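# Working through the structure, step by step
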Amino acid sequence: MASSLNRKLLELASEYYISHGSIEQIKIDTSVETLKSRLKSHFGKNILNIIEFGSYKRDTILPRQFDELSDVDLMIIFNHSSLQVSPGTYRNYLMKFAEERYSRSDVKKSSPTVVLELEHIKYDLVPAYIQENAFYERRTIFIPRNDSNWMPTDPFGFNTDLTTLNSRHNGNIKRTIRLLKAWNAKTGYPISSYELEKEIVGISYWGCSELEDYFFKAINDFNIFSPMQQKIEALKANALKVKNCLKNLNSSGALDWLSHILPT
């Protein structure tokens, strides 16, 4: 029989999920389709493709009420062989597009992207191009390192690793990610969202079965440096207090200490 703590964690992991068919998910998808349509209309043949990636695509994004920095990542693949301009110039193109087509919304540069904030969530517009290597039958995607230089990226490699691991562990990896992203947002983001996801995926969960096992294992094995390291140490200390309450059959105490970790 599942413990009261495990039931609470499952409940919270569900609350922290933008479920398919929810009002928030429908609004996001509608905005994404509108954005894609307007981008294609604005840039015409200068855009080859628009790709959704990041936490929204991975189902690890939090609802805005739990994470004010939640955003949807859109990679704008430009026809670079024709345009041949710098990353900063592409960003200026996207900035001008957003200011013209979304004049009543908040638009800002956030190196090396453009952030468009609509009523329900932020959209991170990332300029990119694809380099084809016919000899090796390989395609490499480049995104800005800064306004002058490009860097290669693999936006889908991590998604594949996470999906495989999550399936192997009955969905508990993504649940753990959402739980700890909620802690991260509550405590002022001591860890970047992407680094937090990578850290959780890199942990061994041998012997874990219930969500609370994964939750405690991830916290215990956190090995990541942060300028706000004291918040990570506080997380570990509070998790230990939760576990001690469970050992003493003090369910109400465990749930109370859990509220020091997660927004409940």
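Our structure is the block above this text.
Summary of the structure given here. (Residues numbered from 1 in each chain as written. Predicted model: local features only at pLDDT ≥ 70, side-chain atom pairs only at ≥ 80, totals over all residues. Heavy atoms only, no water.)

In this section: helix H2 (residues 23–43). Here H2 contains 21 residues, and its C-alpha end-to-end distance of 30 Å stays within 8% of the 30 Å for a straight helix at 1.5 Å per residue. Listing the buried residues of H2 in full gives Gln-25, Ile-28, Ser-31, Val-32, Leu-35, Lys-36, Leu-39 and Phe-43. Along H2, the residues classed as buried sweep out an arc of 140 degrees about the axis, all on the same side. Across from the buried face of H2, at angles greater than 90 degrees, the exposed residues are Ile-23 and Ser-41. Taken together, the buried residues of H2 touch strand S1 (47–53), helix H3 (55–58), strand S2 (71–78), helix H5 (87–101), strand S4 (113–117) and strand S5 (122–133). With its phi angle positive at about 55 degrees, Gly-44 sits one or two positions after the end of H2. (Helix = DSSP H or I, 4+ residues; strand = E, 2+ residues; numbered from the N terminus. Expected span 1.5 Å × (residues − 1). Buried < 20%, exposed > 50% of the residue type's maximum accessible area, 1.4 Å probe, protein only. Arc of directions from axis to C-beta. Contact = heavy atoms within 4.5 Å.)

Below, the discussion takes up the pairing of S2. Within S2, seven of the eight residues are buried, leaving the element largely enclosed by the surrounding structure. By the bridge criterion, six bridges tie S1 to S2 in an arrangement that is antiparallel. Bridging from a neighbouring strand, Asn-49 pairs with Ile-77 of S2. The pairing of S2 with S5 spans seven bridges and is classified as parallel. Counterpart to Asp-73 in the pairing with S5 is Asp-124. (Pairing = 2+ DSSP bridges.)

In this section: the pattern of salt bridges. Opposite charge on two side chains makes pairing possible when the charged atoms of those side chains draw close. A complete count under the given rule lists 10 salt bridges for this structure. For Glu-197, the salt bridge is made with Lys-181, and the minimal N-O distance between the two is 3.0 Å. In this pair, Glu-197 is assigned in helix H8 (residues 193–201) and Lys-181 in helix H7 (residues 172–186), connecting sequence segments 16 residues apart. (Salt bridge = Lys/Arg side-chain N within 4 Å of Asp/Glu carboxyl O.)

Along the chain, the position of Glu-199 falls in helix H8. Apart from residues lying up to four places away in sequence, Glu-199 is in contact with Asp-221, Phe-222, Asn-223 and Ile-224. A polar contact of 2.8 Å, which involves the side chain of Glu-199, links it to the backbone nitrogen of Asn-223. (Polar contact = N/O pair within 3.5 Å; in protein donor to acceptor, adjacent residues only side chain to side chain.)

Moving on to the pairing of strand S3 (residues 106–110). Here five bridges tie S3 to S4, and the two strands are oriented antiparallel to one another. When the bridges of S4 are listed, Lys-108 appears paired with Val-115. In textbook terms, the turn of a hairpin is the stretch between consecutive antiparallel strands, and for S3 and S4 this stretch comprises two residues.

Okay, the nonpolar core next. Judged by nonpolar contacts, the single largest core of 40 residues is most densely connected at Ile-173, Leu-179, Leu-180, Phe-215, Phe-222 and Leu-262. In contact with Leu-179, not counting residues within four places along its chain, are Leu-9, Leu-12, Ala-13, Tyr-16, Leu-211, Phe-215 and Leu-262. Judged by nonpolar contacts, the second largest core, of 30 residues, contains Ile-18, Leu-74, Val-107 and Leu-125. (Core = buried A, V, L, I, M, F, W, Y, C linked by side-chain atoms within 4.5 Å.)

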